[in-house]
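# Inside the fold
So you can see what is in the structure, the chains are spelled out below.
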Amino acid sequence: MGQTPVVVLNGYKAIKDGLINHSEELSGRPLTPFYRDMMGEKGIFLTSGHTWKQQRRFVMTFLKSLALGKRSLEHRIQEESRHLVEVFARKKGKPFNPRIPIVHAVANVMCAVVFGHRFSTEDDSFNRLIKAINFVIYYQATIWGRMYDAFSWLMHHLPGPHQKVFVYNDFMHNFVKNKIQSHKERWKAEDPQDLIDFYLAQIEKTKDDPTSTFNEDNMVQTVDDLLLAGTEATSTIVCWALLYMLQYPDIQEKVQKELEAVLEPSQLIHYEDRKKLPYTNAVIHEILRYSNITAVGTPRQCMKDTAVLGFPIEKGTIVLPNLHSAVYDSEHWETPQKFNPSHFLDSHGNFVNNEAFLPFSAGHRVCLGEQVARTEFFIIFANLLRTFTFHLPEGVKEVNLDYILGAVLQPHPYKLLAAPR
Ligand code: HEM
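Of the comments in the UniProt record for the chain, the one headed Subcellular location (unreviewed entry) reads "Membrane". Here is the UniProt Cofactor (unreviewed entry) comment for the chain, exactly as written: "heme".

Put into structure tokens, the structure is as follows:
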């Protein structure tokens, strides 16, 4: 890229050697001109070295702490799933595009985690925030994003659609800054409720430590990172899930039968329940594998000279772990090009994992929200399939399984019918 050499890791073997065996050496993130001008080297996603380690470790600890208690993450997800089921039910079996309600549900989980509360779907600022998240994620893969990286000085000064992404990014930044301000006004160090409260406490705790990277700039970008990464990927995977259920009604029926046999009709669904639902769990894994929403993965930067599969890689080299080549590796999957839940089942119908299943990447920089995403996806999917059977609207004969290119591969807009069971 530009003057910087790029190495692509292709196939599970190369990705494993690079991301797992040489995790530390390949833990950097390149900062392209577009990202540098828009977000700077702050937060988690775009930082490397000391800042990245401190911010990441802090958020990981915070997310783990959400496992327990009344305001637990699982409780928030169950609440949003319930709202989502109600919205689908209000469609009364008429065709609708499920994307917006799904995005609202997933975004509200993230908002509860970082801001401490959910938003009404009628709230204008919430809807603008969602629009901004979507635009920032999709802009990156457009020709304008590429042009900006190639001619950044010129593009920075020229008018054009690329200026819109800076406006949306500023909107997100200001939104988060306003939330931080209101948190400060009511802040009680002994009773933290959400990520912003915990972060404010961390700034206070480390204020005399010269190695601390906990400050307001990093806090704003860390919250932005979670909103961006946490909303788009998970809502997109749920959209793919429903599309595959339209395409494979026999699989949908098998999932429903299993849910019916194992769960009581009014039972609250927990993430733990996946262990009793091997077929549903296998379908969920296959959706993550087959849709491959992060495409060729996210670039890394080599932090010190190393070698992958014996090939030398110099410090500074950009390394692209092609995740597609792992989840479609013909040496690891029986029918990689086919949607086939049996990839995750043994001959007795028990769930089995596969080491080449890497939709969340691997190593020190593996997706920070993997556990959150898995919990959300399982609870939302199981709730929807327990309550509704999904059909194509009348007259629609085919499901479009092509994707829209972006930092996250999204299905084309579609409509479905949600028939109560
Ligand atoms: C189905 C949903 C998701 C998928 C498939 C996914 C996938 C990924 C992938 C492939 C990466 C790049 C890792 C690398 O550098 O190799 C990543 C990074 C990241 N993800 Fe996710 N993600 C999902 C959901 C989430 C959620 C819900 C959150 C937040 C709670 C999140 C937060 C992050 C963050 C902060 C990073 C940057 C980590 C770092 O640079 O250290 N993701 N994700």
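Moving on: the overall build of the chain. Check the secondary structure of the chain and you find 15 helices and nine strands. What you see for the chain is a C-alpha radius of gyration of 22 Å, in line with the 22 Å of a compact globule of 421 residues. Referenced to the eigenvectors of the C-alpha coordinate spread, the extents of the chain come out at roughly 60 × 55 × 45 Å. By residue count, 54% of the 421 residues in the chain fall in the buried class.

Arg29, Trp52, Arg56, Ser361 and Cys367 are the nearest of the 25 residues found near the ligand. Between the ligand and arginine 29 there is a distance of 2.7 Å, counted from an oxygen atom to a side-chain nitrogen or oxygen. Contact distances for the ligand include 2.8 Å between an oxygen atom and a side-chain N or O atom of arginine 365. If you list the elements that add at least two residues to the shell around the ligand, you get helix H3 (49–65) and helix H11 (216–247). For the shell around the ligand, the element with the most residues is H11, which contributes five residues. Here the residues of the shell around the ligand are counted per class, giving 15 nonpolar, six polar and four charged.

Low pLDDT marks stretches whose predicted atomic positions should not be read closely. Here the chain averages 93 in pLDDT, while 99% of its residues score no lower than 70. Overall fold confidence (pTM) sits at 0.95, and the ipTM for the predicted complex is 0.99.

Let us now look at the environment of glutamate 79. Relative to the assigned elements, glutamate 79 resides in helix H4 (residues 73–90). Looking at glutamate 79, the relative accessible area reads 25%, which means it is partly exposed. A C-alpha to C-alpha distance of 9.9 Å links glutamate 79 and asparagine 108, two positions 29 residues apart in sequence.

A few words now on the packing of helix H9 (residues 162–185) against helix H10 (residues 195–205). As a packed pair, H9 and H10 sit with axes 10 Å apart at the nearest point and diverge in direction by 70 degrees. By the angle between their directions, the pair H9 and H10 is classed as roughly perpendicular. Here the hand of the crossing between H9 and H10 comes out right-handed. Across the interface between the two elements, Lys179, Ile180, His183 and Lys184 from H9 touch Ile196, Asp197 and Leu200 from H10.

The next thing to look at is the side chain of aspartate 329. With respect to the secondary-structure elements, aspartate 329 resides in the loop between helix H14 (323–327) and helix H15 (370–387). Leaving out residues up to four positions away in the same chain, aspartate 329 has contacts with Gly11 and Tyr12.

Glancing now at the pattern of salt bridges. Within this structure, the stated rule accounts for 15 salt bridges. A salt bridge links lysine 53 to glutamate 24, with the shortest nitrogen-to-oxygen separation between them at 2.8 Å. Highlighted residues: lysine 53 in helix H3 and glutamate 24 in the loop between helix H1 (11–21) and helix H2 (33–38), separated in sequence by 29 residues. Classification of lysine 53 as partly exposed rests on a relative accessible area of 31%. When the shortest N-O distance is used, the salt bridge between arginine 36 and aspartate 37 registers 3.0 Å. Through salt bridges with shared partners, a single ionic network connects Arg186, Asp194 and Asp197.

The biggest cluster of nonpolar side chains holds 127 residues, and the ones touching the most others in it are Phe88, Phe115, Leu227, Ile287, Phe381, Leu384 and Phe390. The element contributing the most residues to this core is H11, with 16 residues.

Attention now moves to the packing of H11 against helix H13 (residues 278–291). The interhelical angle for the contact between H11 and H13, taken along N-to-C directions, is 105 degrees, at an axis separation of 10 Å. When the interaxial angle is binned, H11 and H13 end up roughly perpendicular. Counted together, Ile237, Trp240, Ala241, Tyr244 and Met245 of H11 and Val283, Ile287, Leu288, Tyr290 and Ser291 of H13 form the full contact between these two elements. Each residue belonging to the contact of H11 with H13 can be placed in one class, and the counts come to nine nonpolar, one polar and no charged.

Throughout the structure, instances matching the rule amount to one cavity of 30 Å³ or more. Along its surface, the largest cavity is lined by Leu66, Arg71, Leu73, Arg76, Ala112, Val113 and Gln193. Counting only elements with at least two residues in the lining of the largest cavity, the list comes to H4 and helix H5 (99–115). Among the residues making up the lining of the largest cavity, the classes are represented as four nonpolar, one polar and two charged.

This part is about the sheet that holds strand S1 (residues 6–9). One open sheet accounts for three strands, arranged S1-S5-S2; its pairing is mixed. Both edges of this open sheet fall to S1 and strand S2 (300–301), since each of them pairs with a single strand only. By the bridge criterion, two bridges tie S2 to strand S5 (residues 318–321) in an arrangement that is antiparallel. Directly across from glutamine 301, in S5, lies its bridge partner isoleucine 318. Sheet strands touched by H1: S1, S2 and S5. Its angle to S1, the strand with the most contacts, is close to 120 degrees.

What counts, and where the lines are drawn
Residues numbered from 1 in each chain as written. Predicted model: local features only at pLDDT ≥ 70, side-chain atom pairs only at ≥ 80, totals over all residues. Heavy atoms only, no water. UniProt positions renumbered as here; feature names shortened; annotations may be inferred. Helix = DSSP H or I, 4+ residues; strand = E, 2+ residues; numbered from the N terminus. Rg over C-alpha atoms; globule rule 2.2 N^0.38 Å. Buried < 20%, exposed > 50% of the residue type's maximum accessible area, 1.4 Å probe, protein only. Near = heavy atom within 4 Å. Polar contact = N/O pair within 3.5 Å; in protein donor to acceptor, adjacent residues only side chain to side chain. Nonpolar A, V, L, I, M, F, W, Y, C, P; charged D, E, K, R; others polar. pLDDT = per-residue confidence, 0-100. Axes fitted to C-alpha atoms, helices over the stretch in contact; angles between N-to-C directions. Parallel < 35°, antiparallel > 145°, perpendicular 65-115°, else oblique. Left-handed = near helix turned anticlockwise from the far one by under 90°. Contact = heavy atoms within 4.5 Å. Salt bridge = Lys/Arg side-chain N within 4 Å of Asp/Glu carboxyl O. Core = buried A, V, L, I, M, F, W, Y, C linked by side-chain atoms within 4.5 Å. 1 Å grid on protein atoms, 1.4 Å probe; cavity = no way out; pocket = protein on both sides within 12 Å on 5 of 7 lines; lining within 4 Å. Points joined across faces, edges and corners; volume = space filled by probe spheres on them. Pairing = 2+ DSSP bridges.

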